[in-house]
Each structure stands twice: as structure tokens, then as C-alpha cells.
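Structural description and commentary
Here's the letter readout for the chains.
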Amino acid sequence: MSNLLVEVTQFKPILKESKERPGVFEVEGVMQRIGALNQNNRKYPAEVLKREVKKYMSEFVKNGNAYGELDHPESPVVSLKNASHIVKDLYWDGDDLMGRVELLNTPAGNIVKEIIKAGHTIGISSRGTGSVQQTNEGHLEVQPDFELVCWDFVSNPSTHGAFMNPISLNENKKKLSKYAQLDSIINDILRA
């Protein structure tokens, strides 16, 4: 029986404005991790996650329709009326699946932008269907019937260290006061 499986990763917010398209903002960071035990007590085997990422890249990312939502709905279907972002690229860095995500100018996308611009972290979470099996080590292993649906922005991610990183914020180049600079440094240390 297929269940809705969600995996959450925190993005360390680094927001960058696209040089080619002013007003368009992107974030990047760890989307998911192979073989790492997440906060849902689940592990994704390399062959399952790599297969689904390859399929997602060819069916969604390459076609420009890799949408995700703000918060996880209970459905395995992405609702465009709640879309907050679109995945622009996915690539592997060892066992870490890295991603570049464009924030949409939608109500949900603007919420994500404002959270990040305020210096707060936000999680990214995979949504898919499939089954899990208990291992002898006591964790759950995602089975080969897993099908990736999308990644959503959430408040409490399950993948450790999956923070979205704003690349830069060129919208307002005001010089920060020394107190604002100190606050920014402290926030960076706390998020590390």
C-alpha cells in the first residue's frame, strides 16, 4: 500500500536576485540526503532516490513545471493555487542532493521571500508516495515503489542540515548599522 511520504530539510536562506530577470529571487541548498537517518526515522537508499531525482529532472525540471507549495498538503497532487516556488536545478554533491529554487511572485511565494528576507530559516521537504519497511537497525527504509511528487517549503524539516540559502539580496543595498551587522553575524552562526 502506498502512503504519502514527506521528508523535510531545512534551507539556510540565501536569497539572490536573478541578474537576467530583476525581481526574480532564488534560494539554494540541500534538498535531501542519501542514506542519512532523518527526523522521521527514515532512510532513502541511493538507488531509489537517484532514480526518482533523474525522473523528476526529465519530467518536471527540464519542462519548467517542477512546482511546490508552502506547507505540506495531505494530497499527492501539487495545487497551482498554492504554488510558492519552482525547482530550477538539482545536482549531487556526494550524498547530498542540492537544489536551486525560484520563488514565485504568488501569495505563498511572497510569504517565503519575506521569511527569508527577515533572516529566518525555512525548511524544504520532499513529498512522494510509497511504502517503508522496518529494518533490523530499527529505522524505516523507503522502498522501491517510492514516487517523488515535489518539494514543499515547511517550518519543521526532517532532513538534517537542509537549509535554503539566499545567494544574495540585491533588492536594497543600504549599509547596515553595526548592530544590524552584529545581528546578521549572530543569525549566521546560529544557523550554521
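Predicted model, so just to flag it, every value in this text is computed and none were measured.

**Side note on the overall build of the chain**
A tally of helices and strands in the chain yields three helices and 12 strands. Considering the chain as a whole, with its 192 residues, one finds that 44% of them fall into the buried category. The contacts of the chain with a sequence gap of at least 6 include a subset with a gap of at least 24, amounting to 70%. Carbon and sulfur atoms provide 51% of the accessible area of the chain, an area that totals close to 10,200 Å².

**A look at unusual backbone geometry**
We note that N41 has phi near 65°; this positive angle belongs to a residue other than glycine. Note that N41 resides in the loop between β3 (25-33) and β4 (42-43). Its relative accessible area of 31% is what places N41 among the partly exposed residues.

**Comments concerning the sheet that holds strand β10 (residues 140-142)**
Overall, mixed pairing links the three strands, which are arranged β4-β10-β9 in an open sheet. Of all strands in the sheet, those with a lone pairing partner are β4 and β9 (132-134), marking the two edges. Pairing geometry for β9 and β10, over three bridges, is antiparallel. Each residue of the ladder has a partner; that of V132, found in β10, is V142.

**Looking at helix α1 (residues 46-61)**
The α-helix advances 3.6 residues per turn, and as a result positions three or four apart in sequence lie on the same side. All buried positions along α1 are accounted for by V48, L49, E52, V53, Y56, M57 and V61. Here the buried residues of α1 occupy an arc of 160° about the axis, which is enough to place them on one side. With respect to the buried face of α1, the exposed residues turned more than 90 degrees away are E47 and K54.

**Section: the nonpolar core**
A general trend in soluble globular proteins is that nonpolar side chains are found buried together. Core analysis: the biggest nonpolar cluster contains 32 residues, and M31, Y56, V87, L90, W151 and F153 have the highest contact counts within it. Looking at this core, the elements that each hand over two or more residues are β3, α1, β6 (83-93), β7 (96-103), α2 (107-117), β8 (122-130) and β11 (147-154). The element that contributes the greatest number of residues to this core is α1, accounting for six residues. For Y56, the contacting residues outside a window of four places in its chain are V61, A66, Y67, V87, L90, L148, V149, C150 and W151.

**Brief notes about the pattern of salt bridges**
Applying the stated rule across the entire model yields eight salt bridges. The partner of E52 in a salt bridge is K55, and the shortest N-O contact between them spans 4.0 Å. With E52 and K55 both in helix α1, this residue pair falls three residues apart, about one helical turn. For E52, a relative accessible area of 3% puts it in the buried group. The exposure class assigned to K55 is partly exposed, which follows from its relative accessible area of 31%.

**Concerning the environment of G23**
Among the secondary structure elements, G23 is positioned in the loop between β2 (16-17) and β3. With relative accessibility at 34%, the residue G23 sits in the partly exposed group. The sequence separation of G23 and N105 amounts to 82 residues, and the corresponding C-alpha distance is 8.9 Å. In contact with G23, other than residues within four places in its own chain, are E17 and N105.

**Observations regarding α2**
The complete set of buried residues in α2 reads A108, G109, V112, K113 and I116. Buried residues of α2 fall within an arc of 140° about the axis and therefore sit on the same side. Backbone geometry just after α2 places G119 at a positive phi near 90°.

**Some points on the confidence of the model for the chain**
With 73% of its residues at a pLDDT of 70 or more, the chain shows a mean pLDDT of 81. Counted against residues more than four places away or in other chains, residues 168-180, with its pLDDT under 50, gives 13 contacts.

Cut-off values and rules
Residues numbered from 1 in each chain as written. Predicted model: local features only at pLDDT ≥ 70, side-chain atom pairs only at ≥ 80, totals over all residues. Heavy atoms only, no water. Helix = DSSP H or I, 4+ residues; strand = E, 2+ residues; numbered from the N terminus. Buried < 20%, exposed > 50% of the residue type's maximum accessible area, 1.4 Å probe, protein only. Contact = heavy atoms within 4.5 Å. Areas by Shrake-Rupley, 256 points an atom, 1.4 Å probe, with all protein chains shown as cover. Pairing = 2+ DSSP bridges. Arc of directions from axis to C-beta. Core = buried A, V, L, I, M, F, W, Y, C linked by side-chain atoms within 4.5 Å. Salt bridge = Lys/Arg side-chain N within 4 Å of Asp/Glu carboxyl O. pLDDT = per-residue confidence, 0-100.

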